[in-house]
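# A look at the structure
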Amino acid sequence: TAKTSVTEIAKGNERLEARGTGLTIGMRGIGFLLSPALGGVLANPVKQYPEWALTKRFEQTLTEYPFLLPNVVGSALCLLSALSVQLFVEETLPEDQRRPLKYFAVDVWRWTLVKIHDTCISIFPPKEETSATFIAIDEEMPLVNSENDMTTKLHGTINGVDRMTDE
């Protein structure tokens, strides 16, 4: 993720990698400190800031949903961050290994199915008499319950990256 990107962008320059990793970790810490404070400042604006033009314009909505404003601001910051990464961070995966964008919806659907399956297995574990459960999304990503330890294992590739989890 972010630390991997820093390593790949540094291209072996240990000093640059150390600075980038430190900056990444520092920004995460600052986010953990500032986010709750910003949420508290923006929460319930009708009571906290009755004279704001924004409060007056959307008074009914902000009264009914007092935590809407911090969520909208947080969502806008997330979108701004995603846009900034898309525009300014160099892609390190070679062109020939990239998956075409036309498969994005399919990949999101597969990922969602895997998460739903894993959640269901953790909430409702299979009974001991069940020998094996197979849910095959496709031949590259079968989901298998081992008959011995009854844990979920996912083998396959997602966007060309080998993936195996044992939960």
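Structural notes, computed from the coordinates.

Reading guide: rules and limits
Residues numbered from 1 in each chain as written. Predicted model: local features only at pLDDT ≥ 70, side-chain atom pairs only at ≥ 80, totals over all residues. Heavy atoms only, no water. Patch = residues over 30% accessible without salt bridge, like charges linked within 9 Å, V, L, I, M, F, W, Y side chains within 5 Å. Areas by Shrake-Rupley, 256 points an atom, 1.4 Å probe, with all protein chains shown as cover. Salt bridge = Lys/Arg side-chain N within 4 Å of Asp/Glu carboxyl O. Helix = DSSP H or I, 4+ residues; strand = E, 2+ residues; numbered from the N terminus. Expected span 1.5 Å × (residues − 1). Buried < 20%, exposed > 50% of the residue type's maximum accessible area, 1.4 Å probe, protein only. Arc of directions from axis to C-beta. Polar contact = N/O pair within 3.5 Å; in protein donor to acceptor, adjacent residues only side chain to side chain. Contact = heavy atoms within 4.5 Å. Phe/Tyr/Trp six-rings, centres within 6.5 Å; stacked < 30°, edge-to-face > 60°. Axes fitted to C-alpha atoms, helices over the stretch in contact; angles between N-to-C directions. Parallel < 35°, antiparallel > 145°, perpendicular 65-115°, else oblique. Left-handed = near helix turned anticlockwise from the far one by under 90°. Nonpolar A, V, L, I, M, F, W, Y, C, P; charged D, E, K, R; others polar.

### With respect to a nonpolar patch on the surface
Together, Leu23, Met27, Ile30, Leu33 and Leu34 make up a nonpolar patch on the protein surface, roughly 530 Å² of accessible area in all. Mapped onto the elements, Ile30 comes out in helix α2 (residues 14-42).

### Description of helix α7 (residues 104-123)
In this model α7 runs 29 Å from its N-terminal to its C-terminal C-alpha over 20 residues, within 8% of the 28 Å that 1.5 Å per residue would give. Turning to α7, its buried residues are Asp107, Arg110, Val114, His117, Asp118 and Ile121. All buried residues of α7 project into a common sector of 95 degrees when viewed along the axis, lining one side. Exposed and oriented more than 90 degrees from the buried face of α7 are Phe104, Ala105, Trp109 and Ile123.

### Considerations on the pattern of salt bridges
Pairing of side chains with opposite charge becomes possible as their charged atoms draw close. Evaluated as defined, the whole model comprises 4 salt bridges. We note a salt bridge from Lys11 to Glu90, for which the minimum N-O separation is 3.5 Å. Here Glu90 lies in the loop between α6 (68-88) and α7 and Lys11 lies in the loop between α1 (2-10) and α2, a separation of 79 residues in the sequence. A relative accessible area of 44% means that Glu90 is categorised as partly exposed. For Glu51, the salt bridge goes to Lys56, with nearest N and O atoms at 3.5 Å. According to the relative accessible area criterion, Glu51 is exposed, its value standing at 62%.

### Observations regarding the side chain of Thr55
Within the secondary structure, Thr55 is located in helix α4 (residues 53-57). Of note is the side chain of Thr55, whose polar atom sits 3.1 Å from the backbone oxygen of Tyr49. Not counting the four nearest positions on each side in its chain, Thr55 is found in contact with Pro45, Val46, Tyr49, Pro50 and Leu62.

### Re the packing of aromatic side chains
Given two aromatic rings, their pairing is described by the distance between the two centres and the angle made by the two planes. The tally for this structure, following the rule as stated, stands at 1 aromatic pair. Relative to Trp52, the ring of Tyr49 lies with its centre 4.3 Å away and its plane at 5 degrees, an arrangement referred to as stacked. Given a relative accessible area of 21%, Tyr49 falls into the partly exposed group.

### Things to note about the packing of α1 against α2
At a minimum axis separation of 9 Å, α1 and α2 run at an interaxial angle of 155 degrees. In terms of orientation, α1 and α2 fall into the roughly antiparallel class. Read as a crossing pair, α1 and α2 show a hand that is right-handed. Within the contact between the two elements, α1 uses Ala2, Lys3, Val6, Thr7 and Ala10 and α2 uses Leu16, Glu17, Gly20, Thr21 and Thr24. Counted by class, the contact of α1 with α2 contains 4 nonpolar, 4 polar and 2 charged residues.

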